[in-house]
Amino acid sequence: MIIYEAVAPANIALLKYWGRLSLRPRRAATPSLSVTLSRSVSVTRVEAIPEQEATIKQGGHQAKQVTMFFPCADLSPNLYDRISYLPHDSGMTNQVDSQFLAKIAQQVQFIRRTLGGDSAVSVVTENNFPVGVGLASSASGFAALTVATAACFWGVAEFSDFDQPSIHKLAMMAKEGSGSAGRSLFGGFVSWRSSQNGAKGSIAQEFPAHHMPLADTIFVFSQQPKKVSSSDGHQLAQTSQLYQLRVQRSESRFIRMRQALLTQDFTHLGELMEQDAIDMHGICLTSTPPVSYLTEDSLKFMNWLVSQRNTGQFEAYFTVDAGPNVHVISKVEDQSDIINRVLEVFQVESVIVDRIGSGPRLQRITN
Ligand code: PMV
């Protein structure tokens, strides 16, 4: 049997995708710009299942692994894809498991239809960090799934065997699973352009990882799954009076952020990044109904970080996705000092120490 194993990193948006023009295909209302991480990853293994085996709903159960079977509606309703998830922790409910696995199955069918694949597949996926808590697990998860499934249908052995047009195609497919996943197909600093006024909404690397070696330290205050998914949050964004204002500003903010990156101006980049995170959460809080991803802990921490910066203790900037956990972006050489200072003042559930990374990896394993 040949297994295609993809490792794809999470990414953190410095300029956030929040609000969309359409769900299928996913078209973003604003441009976004992210940093691909190096250590927070999803690992996904995909293999084709021979037809006789794909008709049987059994097999492969292991301790801790959750497996479900989904009919391959695009091939034949008598064939089943086998989707398994290895939870990072045991806190997921059955309901979350089945919804989560159904989304994976839907993405597999979409990729198979798009690429003309002709077999059912077995998928096993896992993350090395918690899911559903605003830590971009869907970005790394759908990126890894898309790379491994496409590699399986195309017979591609290594990530470097994909040419640039193919990687772009994979990014456009990955974003149909989760918008931010498209950006995890590239390393370094990655943009996803808006689809406003009929624009194509392409995804591309703006600068490689070594252009500006940044650190991302994630202070995890809560591992409770978020109550409002980011998908629902995108939908609600339009109900906020602040939304159109952010859409109008987003293009110029993107250009200024790109310029700050080009000139390696960390201070300007950091200021723009914080403003954008605050704008996004402002939209959430003023949506109808309001959505509050930030908690008292996150707000206290963000205020503290700003005061440390203003008093010259260190230069670091926060950003927060759809969850309470705060990403601190700093220069790599300041990272351990920042962690020590934070831990003197705050009690956190965990700290994820990450860096900017160079994108997905792939290997073909023959059993
Ligand atoms: O990819 P989604 O649909 O989960 O949306 C991601 C939204 C944010 O993480 C908050 C922002 C972003 O650009 O990644």
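The coordinates are above.
Residues numbered from 1 in each chain as written. Predicted model: local features only at pLDDT ≥ 70, side-chain atom pairs only at ≥ 80, totals over all residues. Heavy atoms only, no water.

This next bit is on the overall build of the protein chain. A count of helical and extended segments in the protein chain gives 9 helices and 14 strands. Taking 21 Å as the expected radius of gyration for a compact globule of 367 residues, we find that the protein chain reaches 20 Å, a close match to that expectation. Dimensions of the protein chain along its principal axes, counting C-alpha atoms only, are 65 × 45 × 40 Å. Looking at the protein chain residue by residue over its 367 residues, the buried ones come to 57%. Sequence-distant contacts, at least 24 apart, represent 74% of the contacts inside the protein chain between residues at least 6 apart. Accessible area of the protein chain: about 15,600 Å², with a carbon and sulfur share of 50%. The positive charge centre, built from 32 side chains, and the negative charge centre, built from 33, are 5 Å apart in the protein chain. (Helix = DSSP H or I, 4+ residues; strand = E, 2+ residues; numbered from the N terminus. Rg over C-alpha atoms; globule rule 2.2 N^0.38 Å. Buried < 20%, exposed > 50% of the residue type's maximum accessible area, 1.4 Å probe, protein only. Contact = heavy atoms within 4.5 Å. Areas by Shrake-Rupley, 256 points an atom, 1.4 Å probe, with all protein chains shown as cover. Lys, Arg positive; Asp, Glu negative; His and termini not counted. Charge placed at Lys NZ, Arg CZ, Asp CG, Glu CD.)

Before going further, it helps to spend a moment on the pattern of salt bridges. One pass over the structure, following the stated rule, counts 14 salt bridges. Its salt-bridge partner being lysine 175, residue glutamate 176 comes within 2.5 Å of it at the nearest N-O pair. What makes lysine 175 buried here is its relative accessible area of 6%. In this structure, the salt-bridge partner of arginine 258 is glutamate 206, at a minimum N-O distance of 2.5 Å. One end of the pair, arginine 258, is in helix 6 (residues 243-262); the other, glutamate 206, is in strand 9 (residues 203-207), and 52 residues separate them in sequence. Exposure remark for arginine 258: the relative accessible area of 29% places this residue in the partly exposed category. What you see here is one network of salt bridges that share partners, running through Arg246, Arg249, Arg253, Asp276 and Asp279. (Salt bridge = Lys/Arg side-chain N within 4 Å of Asp/Glu carboxyl O.)

In terms of nonpolar packing, the biggest core is built from 44 residues, with Ile83, Val123, Val147, Phe162, Leu185 and Leu362 touching the most fellow members. Those elements that place two or more of their residues in this core are strand 1 (2-15), strand 6 (76-86), helix 2 (94-115), strand 7 (120-127), helix 3 (137-154), helix 4 (164-177) and strand 8 (189-192). With 10 residues, the single largest contributor to this core is helix 3. Filtering out sequence-adjacent residues up to four positions away, isoleucine 83 remains in contact with Val66, Thr67, Met68, Phe70, Leu101, Ile104, Ala105, Val108 and Val123. The next biggest cluster of nonpolar side chains, apart from the first, holds 30 residues, and it includes Leu15, Val35, Ala139 and Met212. (Core = buried A, V, L, I, M, F, W, Y, C linked by side-chain atoms within 4.5 Å.)

A few words now on the environment of serine 191. Inspection of the secondary structure assignment puts serine 191 in strand 8. You can call serine 191 buried: its relative accessible area is 1%. Between the C-alpha atom of serine 191 and that of lysine 331, which follows or precedes it by 140 residues, the distance is 21 Å. Ignoring anything within four residues of it in the chain, the contact list for serine 191 reads Ser32, Leu33, Ser202, Ile203, Ala204, Glu206 and Phe254. Within the structure, the side chain of serine 191 is placed 2.6 Å from the side chain of glutamate 206, a separation counted as a polar contact. (Polar contact = N/O pair within 3.5 Å; in protein donor to acceptor, adjacent residues only side chain to side chain.)

Turning next to the packing of aromatic side chains. A full pass over the atoms with the stated rule returns 12 aromatic pairs. Both rings, one in phenylalanine 266 and one in tyrosine 317, keep their centres 5.4 Å apart while their planes meet at 80 degrees; by these two values the pair is edge-to-face. Placement of phenylalanine 266 in helix 7 (residues 266-285) and of tyrosine 317 in strand 11 (residues 316-320) is noted, with a sequence separation of 51 residues between them. Pairwise contacts between aromatic rings join Phe219, Phe221, Phe301, Trp304, Phe314 and Phe346 into one cluster. Residue placement shows arginine 24 over the ring face of phenylalanine 110; its charged tip is 5.1 Å from the ring centre. (Phe/Tyr/Trp six-rings, centres within 6.5 Å; stacked < 30°, edge-to-face > 60°. Lys NZ or Arg CZ within 6 Å of the ring centre and 35° of its normal.)

With respect to topology, 4 strands assemble into an open sheet ordered 11-12-10-13, the strand pairing being antiparallel. Since the sheet does not close on itself, it has two edges, and those belong to strand 11 and strand 13 (350-355), each with one partner. Put simply, the sheet's adjacent strands are angled 25 degrees from each other on average, direction ignored. Pairing geometry for strand 10 (residues 214-220) and strand 13, over 6 bridges, is antiparallel. The residue bridging alanine 215 from the neighbouring strand is arginine 355, located in strand 13. Relative to the sheet, helix 7 contacts strand 10, strand 11 and strand 12 (326-331), its axis offset from that of strand 11 by approximately 25 degrees. Taken strand by strand, helix 8 (residues 296-310) contacts strand 10, strand 11 and strand 12, and its axis lies near 160 degrees from that of strand 11. (Pairing = 2+ DSSP bridges. Axes fitted to C-alpha atoms, helices over the stretch in contact; angles between N-to-C directions.)

Everything listed here is a matter of coordinates, which is why it stays silent on function.
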